[in-house]
Amino acid sequence: MTVTESRALDEIKIGGMGSRRRRVEDNRFIRGRGHYIDDIVLPRMLHMEILRSPIAHARIRSIDTSRAYEIPGVRLVLTGEMMATRNLAWMPTLSYDTQAVLATDKVRFQGQEVAAVIADDPYIAKDACEAIDIEYEPLPPIVNPTQATADGAPLIRDDKENQHDNVAFDWEVGDKERTDRAFAEADVVSKISLHYPRSHPSPLECCGSIADFDRATGKLTVYMTTQAPHIIRAAVALVAELPEHQIRIISPDLGGGFGNKVPVYPGYVVSILASILTERPVKWIEDRTGNLISTGFARDIYLDGEMALRQDGRILGVRMHTTSDHGAFFSDAQPSKFKIGLMHSAFSCYDIPTAHLTARGVYTNKAPGGVAYRCSFRVTEAMFFQERMIQAAADDLGMDQAEFRRVNFVRDDDFPHRTPFGFLTDSGQYAKCLQVGLDAIGYADFRMQQEEARSRGRLLGLGISTMTEPLGAGNSREYDILGIKMFDSAELRVHMTGKALLRTGAKTQGQGHETTWAQIVAHELGIPAEDVLVEEGDTDTAPFGMGTYASRSTPVAGAAVSMVSRKVRAKARKLAAHLLEVSEEDVEWELGRFYVRSNPAQGVTIQECAAAAYSNMPDGMEPGLEGNAYYDPPNLTWPFACYIATVEVDPVTGVWDVLRFVAVDDCGVRINPMVVEGQIMGGLTEAYAMASMQFITFDSEGNCVGSNFMDYLLPTAWETPGWELHEVVTPCPHHPIGAKGIGECATVGGPAAFVNAVIDALGGTGVRNIDMPLLPDRVHEALTQHHDVSGAPPVKTD
Amino acid sequence: MTSLFEEITPAPATDVPVRRVTITVNGQPRTLDVEPRLLLAHLLRQGLGLTGTHTGCDTTNCGACTVLYDGAPIKSCTMLAVQADGHEVQTVEGLGTASELDPVQEGFTHEHGLQCGFCTPGMMMASRALLNANPDPTEEEVRFALSGNLCRCTGYQNIVKAVLWAAQRERDAQPPEEAGAEAATDDVPVEQEA
Ligand code: FES
Ligand code: FES
């Protein structure tokens, strides 16, 4: 067929792949008509408020709720003891530990849930919380891993049998012997110790739920801020022992998630029991302090890293030891079988023969996990450590930062490539991405400027961060949640008039699935994207899926959308053959249309096939045009990123400003470039936040410093730098449309670019490391005292 | 509509005081009985069902609750409903109509200035206030004017572009009918060239 004969639709015009299609969901959001959890009002609804522990570690002597009950409008006060009578005082975590729902024996972190009041109005519920009298017997708090593992440290998890210390796990991966040999042969060994501070995803909307149990039908409906509604349904069925078909989880519009809305929180569980007991809908809306001090934090991990180097710049081997602080319960919301998540995805873009990682996790009197924040389960820490180690190693060898990376990159023709820890990467053009970044920033010129500025006492710096990361959990072989395998799903119904309804097992939180999934359908079927309605988040209607986190939507659910569209196209082809009165083998496809191979002018559109599916199907054919697909990806997807920051550090104050930031992302084929760019810019801003201001720390009593947005700083439009975006496209070889994950790349790879830039600006001062956040006083200390500033950030005292 | 008294305080104790207030919300005077401690944000959301005004913090930091108070942007979580007695409040629901968008609303969707949408109403109200006072702001002025509003998703760059886009659109000063007609076609998503 020649081009002139083609009647294929213009894919961009129908909003297909590659279209910068404007977002469908915007139509309600810009009018203030979103449907977030707190916007939902049910008849006879009660309101729940949680009372939290003010103390980090204490035995509970008594709880007296009688004064609370005296307040008019109070319907129910729940305590751990009452939860325990229904076997709900504790719940299992996704990391095979247990977590208190409402405290019974002890409180183990400040902000732990102790009681809940259910009342007619949220103000009354708050009043009543203040009227609950609790007598605590304070115990010594443990706020860091050193204290946790010290001799004679008080035992935090005395509830667990066979737990005699505060170690949650010890774990290792890699080839120790071979790595030891590499170090024995090394010309140079580069060492660095780093800390990635505790942080919090803080989506702008806090968590919440509305549980609605109907005793007449036995149906439990829970509206819930969850990124993974089907997992929640399974968990509720297992934990509360309710029949799964009678549980309906609805995740409404989410005001951001970033991993914060993956775990199961006590508030959800308590609201469910409260609804069962009161037989009325019960709404729980968390406040910001509750969100910051009790829900899934992230990071909080220390690294001792060593790199064995040859004089010519080749990396011979890597040793890493991490110590992670998991808080009071090991409740990382991560589906891999690896205790430290995907930490060992570090160094995947470098050709390194051998590596060994040991990891220790400890309990402390701090809020429990989550751990992944816009991050595939420790990938953020892995890539930060990797790129800080790379910079330190290049400096130790006296080698140029870009050249050192180039020498060690996996080459374009080396795929598939087995990483030093055993992952299999499949595609990439690493050197090219780096070059695009260097050209964009004007690398050589900047180095000259930097030299020249330094001679006049100005401190300029340039930091590079390059990385590939594993996105898109599963496959099902290596990833599961409570035994449920990691795959995802899509279900497509094409109606008689050619319009369609698509549902998936993912759950958008701002990523724009309502827009982009329709673009995949348009790409596969030629149905204009505006004719495809996308729905997610209701377990009664959506096919079973694992939800949205870890940048897995496009790699897994997106692939399922593609596959289900192809199934539907296969059936449409049969209908086309019937309509065209030829055999199926004689039918060809072009976007939006089947035609007869020997006579391309004779054809039928996909819409005509849809009509036939309901009104004119061949004898014996099942009516209808719909299908579903469950997709189990053969591998993770491996996007690559090169981020380059230039900064100027004020030598007097230690304040640093970003001069420019260049981002080169290779996430394979882009479904909607506008949405992809939005994801990258949002991620970069969170990276900048980590590097510059965003951290949660604790004082020696275990008080959380960072319990509100006055202490936990998020960048505003004023501080946030401008982002310069570039792209390279290496299609994913195993994904049906060649796409890779992107949502978290910038958060993962970004922080090291900023830190590397500031350290570079301090070149010649002997400073090798300042741990994040690079607060001006820390930079100032490094500059003036000529030493590293490492470890957890200082505690503000006033 | 009804008073807040009926809406969210079905059984207050007899000693809970209420005060009658009249607030002009989106151009309509509303008279309500409210507890003196009730926050304006909660009155708008729960009392009047105007759920476009969001709350994202407890400390006047996030700006998700931004509304116009006698034309000036304020954080409605930090004002008591009784303080608004006799004043005018404009919320996102009063910014344009369902079929006719304010240029700021158009700008946000045109420039992909929102993702989860939670900060968006507050951002748009702050932007509206800026453009009312300064129809031709620089990028820096936009960034400064929005520095009381947090967004966790977008990284602000497209929000800034959205506001500048709206400013340009308004300065281009089209005849009102034409602007209206164009806004109306914007209700359905428009495909753009890549
Ligand atoms: S709710 Fe955050 S400023 Fe009002
Ligand atoms: S769009 Fe999500 S917080 Fe701004």
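Residues numbered from 1 in each chain as written. Chains lettered and ligands numbered in written order. Predicted model: local features only at pLDDT ≥ 70, side-chain atom pairs only at ≥ 80, totals over all residues. Heavy atoms only, no water.

(A) Spotlight on the environment of Gly96 of chain B. All names here are of chain B. Positionally, Gly96 belongs in the loop between β5 (88-90) and α3 (103-110). The exposure class assigned to Gly96 is partly exposed, which follows from its relative accessible area of 24%. Separated by 79 residues in the primary sequence, Gly96 and Pro17 place their C-alpha atoms 36 Å from one another. In contact with Gly96, not counting residues within four places along its chain, are Leu101, Asp102 and Gln105. (Helix = DSSP H or I, 4+ residues; strand = E, 2+ residues; numbered from the N terminus. Buried < 20%, exposed > 50% of the residue type's maximum accessible area, 1.4 Å probe, protein only. Contact = heavy atoms within 4.5 Å.)

(B) Representation of the interface of chain A and chain B. Contacts between the two partners involve 66 residues from chain A, matched on the other side by 61 residues from chain B. Summed over both partners, the interface of chain A with chain B comes to about 5,500 Å²; 54% of that surface belongs to carbon and sulfur atoms. On the chain A side of the contact with chain B, Arg22, Tyr123 and Leu204 of chain A bury the most area, a combined 17% of that side's loss. Between the two partners, chain A and chain B, sit three salt bridges. Arg45 of chain B is paired through a salt bridge with Asp38 of chain A; the nearest N and O atoms lie 3.4 Å apart. Per element, the largest residue contribution to the side of chain A that touches chain B is eight residues, and it comes from helix α17 (residues 673-692) of chain A. Class assignment of the residues belonging to the side of chain A that touches chain B gives a composition of 27 nonpolar, 21 polar and 18 charged. (Buried area = accessible area lost by both parts, 1.4 Å probe. Salt bridge = Lys/Arg side-chain N within 4 Å of Asp/Glu carboxyl O. Nonpolar A, V, L, I, M, F, W, Y, C, P; charged D, E, K, R; others polar.)

(C) Here's a closer look at empty space enclosed by the protein. All names here are of chain A. Evaluated as defined, the whole model comprises seven cavities of 30 Å³ or more. In this structure, the largest cavity spans a volume of roughly 560 Å³. Broken down by secondary-structure element, the contributors of at least two residues to the lining of the largest cavity are α14 (513-525), α15 (553-580) and α17. Looking at the lining of the largest cavity residue by residue, the class counts come to 18 nonpolar, 17 polar and five charged. (1 Å grid on protein atoms, 1.4 Å probe; cavity = no way out; pocket = protein on both sides within 12 Å on 5 of 7 lines; lining within 4 Å. Points joined across faces, edges and corners; volume = space filled by probe spheres on them.)

(D) Structural view of the layout of surface pockets. By volume, the largest pocket amounts to about 770 Å³. What lines the largest pocket is a set of 35 residues, and nearest its centre among them are Lys126 and Asp287 of chain A together with His42, Thr55 and Asp58 of chain B. Contributing elements (two or more residues each) for the lining of the largest pocket: β1 (46-52), α4 (122-130) and β14 (282-285) of chain A together with α2 (40-47) of chain B.

(E) How the structure looks around a nonpolar patch on the surface. Residue and element names in this part refer to chain A. A surface patch of nonpolar side chains, amounting to about 350 Å² of accessible area, comprises Tyr96, Leu238 and Leu482. Relative to the helices and strands, Leu238 resides in helix α7 (residues 229-239). On the accessibility criterion, Leu238 (60% relative accessible area) is exposed. (Patch = residues over 30% accessible without salt bridge, like charges linked within 9 Å, V, L, I, M, F, W, Y side chains within 5 Å. Areas by Shrake-Rupley, 256 points an atom, 1.4 Å probe, with all protein chains shown as cover.)

(F) Looking closely at the sheet that holds strand β28 (residues 599-605) of chain A. Residues and elements named next belong to chain A. Here we have three strands laid out as an open sheet, ordered β26-β27-β28, and antiparallel in their pairing. At either end of the open sheet lies a strand with only one pairing partner, and these are β26 (587-590) and β28. Averaged over all adjacent pairs, the angle separating strand axes in this sheet is 35°, with direction ignored. Lying on the sheet, α15 is in contact with β26, β27 (593-596) and β28; it crosses β27 at an angle near 45°. (Pairing = 2+ DSSP bridges. Axes fitted to C-alpha atoms, helices over the stretch in contact; angles between N-to-C directions.)

(G) Quick look at the domain arrangement of chain A. All names here are of chain A. Along its sequence, chain A is organised into domain 1 (26-34 + 488-631), domain 2 (37-139 + 206-253 + 261-294) and domain 3 (298-473 + 635-785). Each of domain 2 and domain 3 was reduced to a C-alpha centroid, and the two centroids are 37 Å apart. Each side of the interface is counted separately: domain 2 has 22 residues, and domain 3 has 25 residues. Both sides of the domain 2 and domain 3 interface together cover about 1,800 Å² of buried area, and 61% of this is carbon and sulfur. Applying the counting criterion to the domain 2 and domain 3 interface returns zero salt bridges. Between domain 2 and domain 3 we count nine residue pairs in polar contact (both at pLDDT 80 or more) in total. For the side of domain 2 that touches domain 3, the secondary structure elements donating two or more residues are β5 (98-100) and α9 (288-294). Counting residues per element, the side of domain 2 that touches domain 3 draws most heavily on α9, which supplies five residues. Of the residues assigned to the side of domain 2 that touches domain 3, the class counts are ten nonpolar, nine polar and three charged. (Domains from an automatic or database assignment. Polar contact = N/O pair within 3.5 Å; in protein donor to acceptor, adjacent residues only side chain to side chain.)

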